[in-house]
Structures are given as C-alpha cells and as structure tokens.
Amino acid sequence: MSPGGRKIVNVLLLVLLVAYTVVAVHYCSGRERELKCRGVEIVIRDSAQLRFVTPAIVRHWLADSGVRLNGVPLREVDVYAVERLVEGQDYVSRADAYTAIDGLLHIVLSQRRPVLRVVSESGHNFYLDSTLVLLPPQPDCIAEVPAVSGKLPLGFPADYFGRLDEKKFPRERELLHNLLNFVHQVDTDRFLAALTAQVYYDGKEVRLLPRVGGQTIRFGEIADSAAVAGRLRKLSRFYRKSFGEGWWRSATEIDLRFRGQVVCKGMPEAARPVGGGDKQTESTHEIYGQ
C-alpha cells in the first residue's frame, strides 16, 4: 500500500473511533437517565484491620437519614449529601460516593484508626486518633491500643466526641498531643512496649506500671520530646542490663526524673553495689537503695 493509501486508512480509523466514542457516550448518558437506583454497594478499605464501621452500619445510617435511594433515578441521587452523611460519623475519616451504570450507589470509605485510649478519673473514656479526634468506645469492637488513665485535667464534657476546638481547649489539646507522642515513643522500643502495662497521669507527671514486679516507674513530665526520648533510652538500658539481678522482685519505685540517674527504692541488699558505690552503664549512673 502506498504512503497516501495508509494515510487515508488511518484517517478513516480515527473517524470511526471518534464516532464510536460519541455514540457510546450518548448511549450511556441516555441509559443512565433511564436507570433507577437498585441498591448500595459499600467498600470499607481497611476492614481487615478495623471493624468499627461495617456495611450494615452504613446501611443503618442511610436508612435513619431519610436519604431517598431505592427506585430513585440515578441522576436524582444526591451523592454529595451521602458523602456528608457518612463523613459526619465518628469513625469515618473519608468517604466517596458515586453512581454507575450498574444502577448502584457506590460508597467507598476509610475508617479512623484509634492509637490511644484515655480513661480519666473524672469520667472521660474515649479513643484518640493521630489527628487528635476523640472517638467513642464501641461495645462490640475493642481496639488494642495503649491506655492512659489518671487525673487528666480535661475541661470538655465527658460525653463529647469529635475534634477539639483549638481556641476553646488549647491546654487539653496540648496534653493529649504530649500523651500521644509519649506512647508513640514507647511503642518504637519493642522491649518497653512489651514491658509497659499501664500509663498513669497524676495531674502533672507520668508514671508507668510494668508487667513484671510491683514497682512504679516515675517518669516525670512529658512536654519535652527530646527529654522523653532520653529517659526512655535510659529506662530500656537499665532493665535490659540489670534484669537478671532479680532486683525487680522487691523494688517499689524506679525514678527517672534525675539527669543521668536511675534511682531505685526497695532494692534487696544483695543487689546494691558494694560500699554503696555507683555502677556506670553507658553514661547512665544506676544508684540503688535510695
């Protein structure tokens, strides 16, 4: 075939392709105008890890909202209203809704992921996600996350959930941010994460309750992230290097608040350094029996 003939064939193919596209779009548009919504398909992206939201729960939200769906022409389904409804729920971080030529309303959503549980002595009980959104506990779904309890000065109502206003509750947001940062740093050390059974806030400082022994770990204030990291390294070294001595069976308190020192109370005589001297371990002085 001559070069001129090939050009003509290519032009004809292009014309046919454009014509087919126009006809297909017109057909789909007309079919969509005729279609009525025959149901809802719900996809929860992270359902394998989290079960706070299920398709049945989403259908319940839709039924309670009064949004008209079944039998409604697809072009009349308010997908933006559906998105606002779903995203307005506590455990939903993002939702996308759209209709398709299959006659279904498709909803795709992602859940908020709890990273901390807070239980205060004043009656507050909530999960916290990484963006400081307060999430209500669910009776049929428990998140396996670190928990903080104690005398937390929280000025908002115990039944409040959602995002805290930065202007109304700046101190509460700062405290929750510091607690979130603290448990995150603990979790980065697998040894400390396994060791820590409970985090207690006494109104000013943090105390840790380990899974072994009856001692309390006085950690101190947690506003300074660098200081927190240094004390956690010190605590991890201390336990790893001296755990075999068995001191933890009788120790009553471990105090990390002093720079370069780990001060233990209630140590057995056999575990104390001879003559009351200090042990040096990687620039950390371990002073027993004080």
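Please refer to the structure higher up on the page.
The structure reproduced in this document is the subject of the present report. All values reported here derive from a predicted model rather than from experimental measurement.

**Concerning the overall build of the protein chain**
Helix and strand content of the protein chain: six helices and 15 strands. Within the span of the protein chain, comprising 290 residues, buried residues form 42% of the whole. Counting only contacts in the protein chain whose residues sit at least 6 apart along the sequence, the fraction spanning at least 24 positions is 55%. Total accessible area on the protein chain stands at roughly 16,500 Å², and carbon and sulfur atoms take up 53% of it.

**Some points on the sheet that holds strand β2 (residues 92-99)**
Spatial ordering of the open sheet is given by β1-β3-β2, a layout of three strands whose pairing is mixed. Bordering the open sheet on either side are β1 (39-44) and β2, each of which pairs with just one other strand. Strand-to-strand twist across the sheet, computed as the mean angle between neighbouring axes with direction ignored, equals 20°. Of the pairings in the sheet, the one linking β1 to strand β3 (residues 104-111) comprises six bridges and is parallel in character. Residue pairing in the sheet places Val40 in a bridge with Leu105 of β3. Helix-sheet contacts for helix α3 (residues 79-87) involve β2 and β3, and the interaxial angle to β2 is about 160°.

**A closer look at unusual backbone geometry**
Its identity is not glycine, yet Leu132 carries a phi of approximately 65°, on the positive side. Relative to the helices and strands, Leu132 is located in the loop between β5 (125-129) and β6 (133-135). Classification of Leu132 by relative accessible area gives buried; the value is 9%.

**With respect to the pairing of strand β11 (residues 216-220)**
With four of its five residues buried, β11 lies for the most part within the structure. Where strand β10 (residues 206-210) meets β11, three bridges bridge the pair, whose relative direction is antiparallel. By the bridge assignment for β11, Arg207 is matched with Arg218. Taking the residues between adjacent antiparallel strands as the criterion, β10 and β11 are bridged by five residues, where Gly213 takes a positive phi near 80°.

**A few points about the environment of Lys36**
By the secondary structure assignment, Lys36 is in the loop between α1 (3-34) and β1. Separated by 35 residues in the primary sequence, Lys36 and Gly71 have C-alpha atoms spaced 5.3 Å apart. Ignoring sequence-local partners within four residues, the contact set of Lys36 consists of Gly71, Val72, Pro73, Leu74 and Gly103.

**Looking at the nonpolar core**
Ranked by internal contacts, the top residues of the largest apolar core, which has 41 residues, are Leu179, Phe182, Val206, Phe219 and Ile254. The dominant element in this core, judged by the number of residues it contributes, is helix α4 (residues 170-187), at seven residues.

**A closer look at the side chain of His124**
If you trace the backbone, His124 turns up in the loop between β4 (114-120) and β5. There is a polar contact of 2.7 Å between the side chain of His124 and the backbone oxygen of Phe156. Leaving out residues up to four positions away in the same chain, His124 has contacts with Val118, Val119, Leu154, Phe156, Pro157 and Ala158.

**Topic: the packing of aromatic side chains**
Under the definition given, this model contains seven aromatic pairs. Pairing Phe52 with Tyr127 gives two aromatic rings, centres 6.0 Å apart and planes at 70°, and the pair type is edge-to-face. With Phe52 in the loop between β1 and α2 (55-65) and Tyr127 in strand β5, the pair connects residues that are 75 residues apart, well separated along the chain. In terms of burial, Phe52 and Tyr127 fall into one category: buried. Considering the side-chain rings of Phe156 and Phe169, the 5.8 Å spacing of their centres and the 85° angle between planes classify their relative orientation as edge-to-face. Taken together, the residues Phe156 in the loop between β7 (147-150) and β8 (162-163) and Phe169 in the loop between β8 and α4 connect sequence positions 13 residues apart. Taken together, the ring pairs connect Phe126, Phe156, Tyr160 and Phe169 into an aromatic cluster. Of note, Arg117 hangs over the ring of Tyr127, and the distance from its end group to the ring centre comes to 5.0 Å.

**What to know about the packing of α4 against helix α6 (residues 225-242)**
Helix-helix packing is characterised by the crossing angle of the two axes and by the distance between the axes. Following both chains from N to C, one finds α4 and α6 inclined at 35°, their axes separated by 10 Å at the closest point. Seen from above, α4 lies across α6 with right-handed handedness. Note on element contacts: α6 touches α4 through Ser225, Val228, Ala229 and Leu232, opposite Asn181, Phe182, Gln185 and Val186. Counted by class, the contact of α4 with α6 contains five nonpolar, three polar and no charged residues.

**Brief notes about the pattern of salt bridges**
Scanning the model with the defined rule gives nine salt bridges in all. Between Glu205 and Arg218 there is a salt bridge whose closest N-O contact spans 3.7 Å. Pair noted here: Glu205 is in the loop between β9 (196-201) and β10 and Arg218 is in strand β11, with a separation of 13 residues, a long-range link. Residues Glu205 and Arg218 agree in their burial class; the two are buried. Salt-bridge contacts for Asp255 lead to Arg257; the nearest nitrogen and oxygen are separated by 2.7 Å. With a relative accessible area of 5%, Asp255 lands in the buried category. Judged by relative accessible area, Arg257 falls into the partly exposed class, the value being 33%. Through salt bridges with shared partners, a single network forms among Glu205, Arg218, Asp255 and Arg257.

The rules we used
Residues numbered from 1 in each chain as written. Predicted model: local features only at pLDDT ≥ 70, side-chain atom pairs only at ≥ 80, totals over all residues. Heavy atoms only, no water. Helix = DSSP H or I, 4+ residues; strand = E, 2+ residues; numbered from the N terminus. Buried < 20%, exposed > 50% of the residue type's maximum accessible area, 1.4 Å probe, protein only. Contact = heavy atoms within 4.5 Å. Areas by Shrake-Rupley, 256 points an atom, 1.4 Å probe, with all protein chains shown as cover. Pairing = 2+ DSSP bridges. Axes fitted to C-alpha atoms, helices over the stretch in contact; angles between N-to-C directions. Core = buried A, V, L, I, M, F, W, Y, C linked by side-chain atoms within 4.5 Å. Polar contact = N/O pair within 3.5 Å; in protein donor to acceptor, adjacent residues only side chain to side chain. Phe/Tyr/Trp six-rings, centres within 6.5 Å; stacked < 30°, edge-to-face > 60°. Lys NZ or Arg CZ within 6 Å of the ring centre and 35° of its normal. Left-handed = near helix turned anticlockwise from the far one by under 90°. Nonpolar A, V, L, I, M, F, W, Y, C, P; charged D, E, K, R; others polar. Salt bridge = Lys/Arg side-chain N within 4 Å of Asp/Glu carboxyl O.

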